[in-house]
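What follows is each chain in one-letter form.
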Amino acid sequence: MSEQLERVKTLIVGSGPAGYTAAIYAARADLKPVLYTGMEPGGQLTTTTEVDNFPGYPEGIDGPTMMMQLQQQAERFGTEVRIGMITAVDLSDEVGGIHKVTVDDSKIVEAETVIISTGASAKYLNIPSEQRLRGGGVSACAVCDGFFYKGQEVAIVGGGDTAAEEASYLANICKKVTMLVRKDEMRASKAMQHRVNSLENIEVRYNTEVDEVIGDQVVEGLRMVNNQTGEKEEIAITGLFIAIGHKPNTDIFKGQLEMDETGYLITEPKSTKTSKPGVFASGDAQDKIYRQAITAAGTGCMAALDAERYFATVESKETLVS
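Computed from a predicted structure; not experimentally measured.

Procedures and definitions
Residues numbered from 1 in each chain as written. Predicted model: local features only at pLDDT ≥ 70, side-chain atom pairs only at ≥ 80, totals over all residues. Heavy atoms only, no water. Disulfide = S-S within 2.5 Å. Buried < 20%, exposed > 50% of the residue type's maximum accessible area, 1.4 Å probe, protein only. Helix = DSSP H or I, 4+ residues; strand = E, 2+ residues; numbered from the N terminus. Contact = heavy atoms within 4.5 Å. Pairing = 2+ DSSP bridges. Axes fitted to C-alpha atoms, helices over the stretch in contact; angles between N-to-C directions.

Caption draft 1: Highlighting the state of the cysteines. Within the structure shown, the criterion is met by one disulfide. A sulfur-sulfur separation of 2.1 Å characterises the disulfide bridge that pairs cysteine 141 with cysteine 144. As the torsion about the S-S bond is roughly 70°, the cysteine 141-cysteine 144 disulfide counts as right-handed. Here cysteine 174 stays free of any disulfide, with the sulfur of cysteine 141 as its closest cysteine sulfur at 13 Å. Among the residues examined, cysteine 174 registers a relative accessible area of 6% and is labelled buried.

Below, the structure is given as structure tokens:
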């Protein structure tokens, strides 16, 4: 396929709450954003059935509908939304420099500013029954979905700080929480371990892993296996929460942008500015603490405002290259 070349003023990579919010603000500021959706148009929320904690939806809304509405709002102000995957990047070190990205291994897009909103992907156990029941009682976000299991018995998998924090959160609203820890001790901090152990309705099972999630359409139970003895046991639950970490979708930026040891992009404090001028990061690609739709949307807004202010310091070179 022959190489195509195009120049745009603002390129947004990713189509979750961060990307679409950035697009709304950028379009209204006449930054003429072009947004590439990536492999999962709409981001992680498209795999969520009900969203009850995003402001402005008193009756709640399902994730795919919410993302469709965000896209429509972005397009209303002039955002050009394109289906495509960014497969390579060449980011400029210079203020006012032009950043080059490759789309689907075939098209080169030159951008004066780039807003990265590629998100992060929750890590799962990758067993068939777990994958089949995602959205039917299997979740990777207790804070997002725990409310639906109020007063019920649930289980959570993981032994780090996130798992301990989410187990504590669930314990406040659920009847019982069974916590499965793969090793003979938690990786969580001593303070978090103490919090878990102080809650009477959390039962910690060490050296224990998921053997199978039980249920046809929704989670009805869990078969656990002791990885030391091989002994299996079944318990009745209605929800299973996987808290074994997230992987930011930032691999294509390795070697070009500063990131931490786990791949989250590093931004300047109180800013979305990355280590390259004119490149901004928002949402879960740079946030490993909150990871909520509303905080992602907030940083998307910040990224667009940062891009607008960046243009005030450089002379636009916007033109179409054929």
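Caption draft 2: Seen up close, the side chain of threonine 10. Locating threonine 10 in the fold gives a position in strand S1 (residues 4-13). When residues no more than four places from it in sequence are discounted, the contact partners of threonine 10 are Leu31, Lys32, Pro33, Val34, Thr113, Ile115 and Phe311.

Caption draft 3: Structural detail: the sheet that holds strand S14 (residues 232-236). If you trace the three strands from one edge of the open sheet to the other, you get S12-S13-S14, paired in antiparallel fashion. Lying at the two open borders of the sheet, with one neighbouring strand each, are strand S12 (208-214) and S14. Recorded for the sheet is a direction-independent mean angle of 25° between the axes of neighbouring strands.

Caption draft 4: Region of the structure containing unusual backbone geometry. With a phi angle near 50°, aspartate 104 is a residue other than glycine that sits in the positive phi range. Considering the arrangement of structural elements, one finds aspartate 104 in the loop between strand S5 (99-103) and strand S6 (107-116). When its relative accessible area of 41% is taken as the criterion, aspartate 104 is described as partly exposed. Despite not being glycine, asparagine 126 has its phi angle at roughly 60°, a positive value. Mapped onto the secondary structure, asparagine 126 falls in the loop between strand S7 (120-122) and helix H3 (128-132).

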